[in-house]
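The chain contents come next:
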Number of protein chains: 2
Amino acid sequence: MDLLEKKILEEGQLLEGNILKVDGFLNHQVDPELTLEMAKDFYAHFQDQHPNKVLTLEVSGIPAALLTAHLFQVPMVFAKKIASRTLSDDVYVSEVFSYTKEIRYEIRVDRRFLKKEDRVLLVDDFLAKGQALSGLLDLCNQAQAQVVGIGILIEKAFQGGGERFRQAGYDLYSLAKIAKFEDGKVVFE
Amino acid sequence: MDLLEKKILEEGQLLEGNILKVDGFLNHQVDPELTLEMAKDFYAHFQDQHPNKVLTLEVSGIPAALLTAHLFQVPMVFAKKIASRTLSDDVYVSEVFSYTKEIRYEIRVDRRFLKKEDRVLLVDDFLAKGQALSGLLDLCNQAQAQVVGIGILIEKAFQGGGERFRQAGYDLYSLAKIAKFEDGKVVFE
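Here the residue numbers are simple positions, counted from 1 along each chain's written sequence. The order in which chains are written sets their letters, starting at A; the order in which ligands are written sets their numbers, starting at 1. In view of the model being predicted, local features appear only for residues whose pLDDT reaches at least 70, and side-chain atom pairs are presented and counted only at 80 or more, with totals across whole chains, interfaces and linings using the full set of residues. Computation of side-chain values covers all heavy atoms of the structure but excludes hydrogens and water.

A short note on the environment of B:Lys180
Residue and element names in this part refer to chain B. Mapped onto the secondary structure, Lys180 falls in strand E10 (residues 172-182). Looking at Lys180, the relative accessible area reads 37%, which means it is partly exposed. Measuring from C-alpha to C-alpha, the distance between Lys180 and Leu20 comes to 11 Å, with 160 residues separating the pair along the chain. In this structure Lys180 touches Phe158, Lys185, Val186 and Val187, once residues within four positions along its chain are discounted. N or O atoms closer than or at 3.5 Å make up a polar contact, with two conditions inside protein: a donor-capable atom paired with an acceptor-capable one, and, for residues adjacent in sequence, both atoms drawn from side chains. Of note is the side chain of Lys180, whose polar atom sits 3.1 Å from the side chain of Glu182. A run of H or I in DSSP counts as a helix once it spans at least four residues, and a run of E counts as a strand once it spans at least two, with each numbered from the N terminus. Only protein chains enter the accessibility calculation, which uses a 1.4 Å probe; a residue is then buried when its area is under 20% of its type maximum, exposed when over 50%, and partly exposed in between. Only heavy atoms enter the contact rule, under which two residues are in contact if any of them lie within 4.5 Å.

Put into structure tokens, the structure is as follows:
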């Protein structure tokens, strides 16, 4: 998606450890117009799949997931990263290792919000090795919900996660696909 | 706001400790249409204030803040609750005590995203004693940014936070104002 790639080139910053900092428009300050354009792109790609729910993971996936859900006129659910006092015990739980933060954490979705009959569109901001995405898929598998598509904002293709899910048969659609970082610059596929 | 009050009456659940559980449409599963209606209400109330930024606190404030920012065609910024590896050290920090979770935590905004010339509209999901809101105001004060309004989804008026900020001169506008919980039921003002 040209608009997102342009923003990344203009405003993204490369940090050590293959971390791309996009906090000016995506995960600290958020650009609502860009977010809506990204959601429209997901809608166009996945409209034939007729999802009845959009599932993401707090925090940074929420804006794009919300606007995608808005266009599909379905609810958006965000998995939670920590136990909450208002989350019932009746939850699906999976475990995720974050290479960025170097921590292991649990993600949870209340069983009321993920059902066997659901057609789920997964949306997340980054895909690198696919740890978070594996956790979301695990939650859907536990609920026996059908995953009808996976929408990713920024895929770091060189880290291999995306290829693994495509080979497993998922319709994984990334708006910006990074081939490599070279001389401190982002190179798209 | 009738639509939100109706949802609260139909789907909200009262838990011990004056906690209102609204995870079916607001803070775990999110209803995008309701969120847009709430944002429109904020837009109508605050449009003469011409905010150039909407500031909220992760996580649950993000959906309504995003759509409010979308209507105003301005960026949305969410304060972060924990130190992040991609957050620079150049941040405003405040401390918040959560009575719901019984923990003390820091909230942070990168200095790049909160400036002296900013006209900030604060948006948050719940207002009880006003701990989180005090933290957000503190961040704005540190940046010398002007707070032009405060939009709250659900105010627990009986806990006194709202009254304190109104007396301090803020234009604090709540979409649903709860007078009390009585016999396990929500009573609006």
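Alright, that's what it looks like, and here's the rest.
Section: the pattern of salt bridges
One side-chain nitrogen of Lys or Arg within 4 Å of one carboxyl oxygen of Asp or Glu is enough to make a salt bridge. As enumerated under the stated definition, the model contains 28 salt bridges over all chains in all. Among the salt bridges present, the one from B:Asp31 reaches B:Lys7, with a minimum N-O distance of 3.3 Å. Of this pair, B:Asp31 sits in the loop between strand E3 (29-30) and helix H2 (32-46) while B:Lys7 sits in helix H1 (residues 2-11); the two residues are 24 residues apart in sequence, bridging distant segments of the chain. A salt bridge links B:Lys177 to B:Glu189; the nearest nitrogen and oxygen atoms lie 3.5 Å apart. Of this pair, B:Lys177 sits in strand E10 while B:Glu189 is found in the segment after strand E11 (185-188), placing the two residues twelve residues apart along the sequence. Overall, the relative accessible area of 24% leaves B:Lys177 in the partly exposed class. One salt-bridge network, held together by shared partners, links A:Lys21, A:Asp23, B:Asp110 and B:Arg112.

Some details on the pairing of strand E4 (residues 53-57) of chain B
All names here are of chain B. Of all five residues in E4, five are buried, a share of seventy percent or more. Burial of E4 is two-sided: the residues Lys53, Leu55 and Leu57 facing one way and the residues Val54 and Thr56 facing the other way are all buried. Note on handedness: a crossover is taken as right-handed if, strands pointing away from the viewer, the path from the first strand over the helix to the second is clockwise. Regarding the hand of the β-α-β motif, the stretch spanning E4, helix H3 (residues 62-72) and strand E5 (residues 76-79) is right-handed.

Function cannot be read off these values alone, since they describe shape.
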